[in-house]
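# A structural walkthrough
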Amino acid sequence: MFFKKVTKNIETPRGKVIPFLNQKGGVGKTTMCFNSAHALAQKGKRVLCIDMDPQANLSLLFGVDTSETDQYSIHQLLVNSVRELKSLHSVCLVDDVIVEGEVDIIPAGQELSGFELTMAAISSPRQLILKKFLEKNDLLNRYDYILLDCPPTLGLLVVNAICAGHGVIVPFRPDDFSKKGLNHFYDMLEDVQDMGIVDVPEILAHVPNLVDNRRKVEEQDLHEIKEMIGERLGEDRVVNPFYNRAQLVKSQASKKSVFDYSSKEYSHLHQQFHEIADIIETWNAN
Ligand SMILES: Nc1ncnc2c1ncn2[C@@H]1O[C@H](COP(=O)(O)OP(=O)(O)OP(=O)(O)O)[C@@H](O)[C@H]1O
Ligand SMILES: [Mg+2]
């Protein structure tokens with residue numbers, strides 16, 4: 001009995017994978033991923049970010065020179081992890097690619113836009129490449145949280161993020177198009193579930209972002225979106241909105257998280273990102 005329990009603990013990795021997802025561009029996926037990662041690190045958690053977007057915006061925020069990533073990027077690591085692609089393998093190992101800091105990062109580069117094409121020829125399950133890569137390299141035992149910044153598409157990179165993920169954060173802008181977009185996204189999660197290869201991750205939070213509180217119409221849209229999410233998913237799980245804040249633009253221009261600033265004008269943003277970290281921590285504890 002005792003022996004059995006110990007075995008289970010060894011086999012079940014502690015780390016959780018959390019993709020930031022929305023197929024719509026410019027809703028704050030990268031911003032939320034970067035600052036939430038730092039909020040978790042502030043709580044003493046070991047955090048790795050993986051840039052799954054060929055735009056490589058997250059890598060740039062971490063100060064990585066993406067013109068030099070080429071062999072040292074998530075794309076190469078994923079290629080290396082597929083046995084069938086031997087002719088494309090390089091000698092680089094995961095530790096050659098991880099850039100260490102308060103939060104560690106595996107950067108992306110433009111070559112990631114060729115992921116779908118590169119993987120088209122393989123016969124092993126293309127949806128599980130990232131999941132298997134994380135498992136093989138024991139990254140779920142090395143980190144408490146692995147946050148994935150995803151591109152604004154519903155392509156193979158995003159399907160890989162979903163299949164590797166345990167809990168999802170969905171930033172969105174409360175406008176006319178969001179309802180349709182979110183429904184499309186939930187349809188896609190159901191499609192992945194129907195494939196029967198993995199259990200799709202739970203949606204931990206929807207984050208209304210870039211909200212302009214002077215616009216009455218946005219308030220109304222947000223209200224309707226909350227209702228729609230509640231009806232579709234059973235509960236809305238929508239956190240307090242992030243307003244359009246010059247402080248976020250300023251911190252990102254300096255490649256810093258909001259926690260690098262201690263002035264009073266940042267305290268509300270600190271609180272909001274701590275709230276997201278708390279949601280993740282509470283979910284993980286249960
Ligand atoms: N609450 C906010 N206040 C002000 N600016 C913000 C806020 N959230 C995000 N931004 C800015 O909006 C732009 C888009 O944000 P971000 O890059 O995080 O979106 P994204 O969803 O990752 O975009 P993409 O889909 O292209 O990857 C960025 O310039 C970012 O600095
Ligand atoms: Mg982005």
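Residues numbered from 1 in each chain as written. Chains lettered and ligands numbered in written order. Predicted model: local features only at pLDDT ≥ 70, side-chain atom pairs only at ≥ 80, totals over all residues.

## Side note on the overall build of the protein
When its secondary structure is counted, the protein shows 13 helices and 6 strands. Whereas a compact globule of 286 residues would reach a radius of gyration of roughly 19 Å, the protein reaches 19 Å, a difference of no more than 12%. With respect to the three principal axes, the spread of C-alpha positions in the protein is 55 × 45 × 40 Å. For the protein, the proportion of its 286 residues judged to be buried stands at 39%. When contacts within the protein are restricted to residue pairs at least 6 apart in sequence, long-range pairs at least 24 apart make up 80% of them. (Helix = DSSP H or I, 4+ residues; strand = E, 2+ residues; numbered from the N terminus. Rg over C-alpha atoms; globule rule 2.2 N^0.38 Å. Buried ≥ 20, exposed ≤ 12 C-beta atoms within 10 Å, placed from the backbone. Contact = placed C-beta atoms within 7 Å.)

## Overview of the packing of helix H2 (residues 29-42) against helix H13 (residues 267-285)
Packing of H2 against H13 brings their axes to within 8 Å, and their N-to-C directions diverge by 70 degrees. By the angle class used here, H2 and H13 are roughly perpendicular. Of the two elements, H2 crosses H13, and the hand of that crossing is right-handed. Contact residues: Asn-35, Ser-36, Ala-39 and Leu-40 in H2; Phe-273, His-274, Ile-276, Ala-277 and Ile-280 in H13. When its residues are assigned to classes, the contact of H2 with H13 shows 6 nonpolar, 3 polar and no charged. (Axes fitted to C-alpha atoms, helices over the stretch in contact; angles between N-to-C directions. Parallel < 35°, antiparallel > 145°, perpendicular 65-115°, else oblique. Left-handed = near helix turned anticlockwise from the far one by under 90°. Nonpolar A, V, L, I, M, F, W, Y, C, P; charged D, E, K, R; others polar.)

## A few points about the pairing of strand S2 (residues 47-51)
With 5 of 5 residues buried, S2 is to be regarded as a mostly interior element. Alternating residues of S2 divide into Val-47, Cys-49 and Asp-51 and Leu-48 and Ile-50, and every residue in both groups is buried. Pairing analysis gives 5 bridges linking S2 to strand S4 (residues 145-149), with the strands arranged parallel. Residue pairing for S4: Asp-51 is matched across the bridge by Asp-149. Two elements, S2 and strand S3 (residues 104-106), share 3 bridges in a ladder whose sense is parallel. Opposite Ile-50, over in S3, you have Ile-106 as the bridge partner. (Pairing = 2+ DSSP bridges.)

## Concerning the packing of helix H10 (residues 178-195) against helix H11 (residues 216-233)
Orientation of H10 relative to H11, taken along the N-to-C sense of each, is 20 degrees, at an axis distance of 10 Å. Comparing the axis directions of H10 and H11 gives the class roughly parallel. In this structure, the crossing between H10 and H11 has a hand that is right-handed. Residue-level inspection shows Ser-178, Lys-179, Leu-182, Asn-183 and Tyr-186 of H10 in contact with H11, the latter providing Glu-224, Ile-225, Met-228, Ile-229 and Arg-232. Classifying every residue of the contact of H10 with H11 by side-chain character gives 5 nonpolar, 2 polar and 3 charged.

## Describing H2
Note on helix geometry: an α-helix contains 3.6 residues per turn, so any two residues three or four positions apart are oriented the same way. Between the first and last C-alpha of H2 there are 20 Å, a value that for 14 residues agrees with the 20 Å anticipated at 1.5 Å per step. Here H2 lies mainly inside the structure; 13 of its 14 residues are buried. Positive backbone phi, approximately 85 degrees, marks Gly-44, located one or two places after H2. (Expected span 1.5 Å × (residues − 1).)

## With respect to the nonpolar core
Of all hydrophobic cores here, the largest spans 70 residues; its most connected members are Val-47, Cys-49, Ile-146, Leu-147, Leu-148, Ala-161 and Ile-169. Setting aside residues up to four positions removed in sequence, Cys-49 forms contacts with Cys-33, Ala-37, Leu-58, Val-103, Ile-105, Leu-147 and Asp-149. (Core = buried A, V, L, I, M, F, W, Y, C linked by C-beta atoms within 7 Å.)

## A closer look at the site of ligand 1
Near ligand 1 you find 19 residues, and of these Gly-25, Lys-29, Thr-30, Thr-31 and Pro-152 are the closest. Breaking the shell around ligand 1 down by element, the ones donating at least two residues are H2 and helix H12 (246-253). Split by residue class, the shell around ligand 1 holds 6 nonpolar, 10 polar and 3 charged. (Near = placed C-beta within 6 Å.)

## Brief notes about H13
Spanning 19 residues, H13 covers 26 Å between terminal C-alpha atoms, matching the ideal 27 Å at 1.5 Å per step. All of the buried residues along H13 are Leu-269, Gln-272, Phe-273, Ile-276, Ala-277 and Ile-280. Seen end-on, H13 carries its buried residues on one side only, within an arc spanning 135 degrees. Away from the buried face of H13 by more than 90 degrees, exposed residues Ser-267, Gln-271, Thr-282 and Ala-285 are located. Where H13 is buried, its residues contact strand S1 (16-20), H2, S4, strand S5 (167-172), strand S6 (202-208) and H12. (Arc of directions from axis to C-beta.)

## Brief notes about the pairing of S5
Look at any regular strand and the pattern is simple: side chains alternate between the two faces of the sheet. The element S5 is largely enclosed, with a buried count of 5 among its 6 residues. In this sheet, S6 lies alongside S5 in parallel orientation, the contact comprising 6 bridges. Looking across to S6, one finds that Val-168 is bridged to Ile-203. A crossover connection joins S5 to the parallel S6 through H10; in handedness this β-α-β unit is right-handed. (Right-handed = clockwise from strand over helix to strand, strands pointing away.)

## Focus: the confidence of the model for the protein
Taken over all residues, the pLDDT of the protein has a mean of 92, while the share at 70 or more is 95%. For the stretch residues 1-9, pLDDT sits under 50, and the model shows 0 contacts to residues farther than four places along the chain or on other chains. (pLDDT = per-residue confidence, 0-100.)

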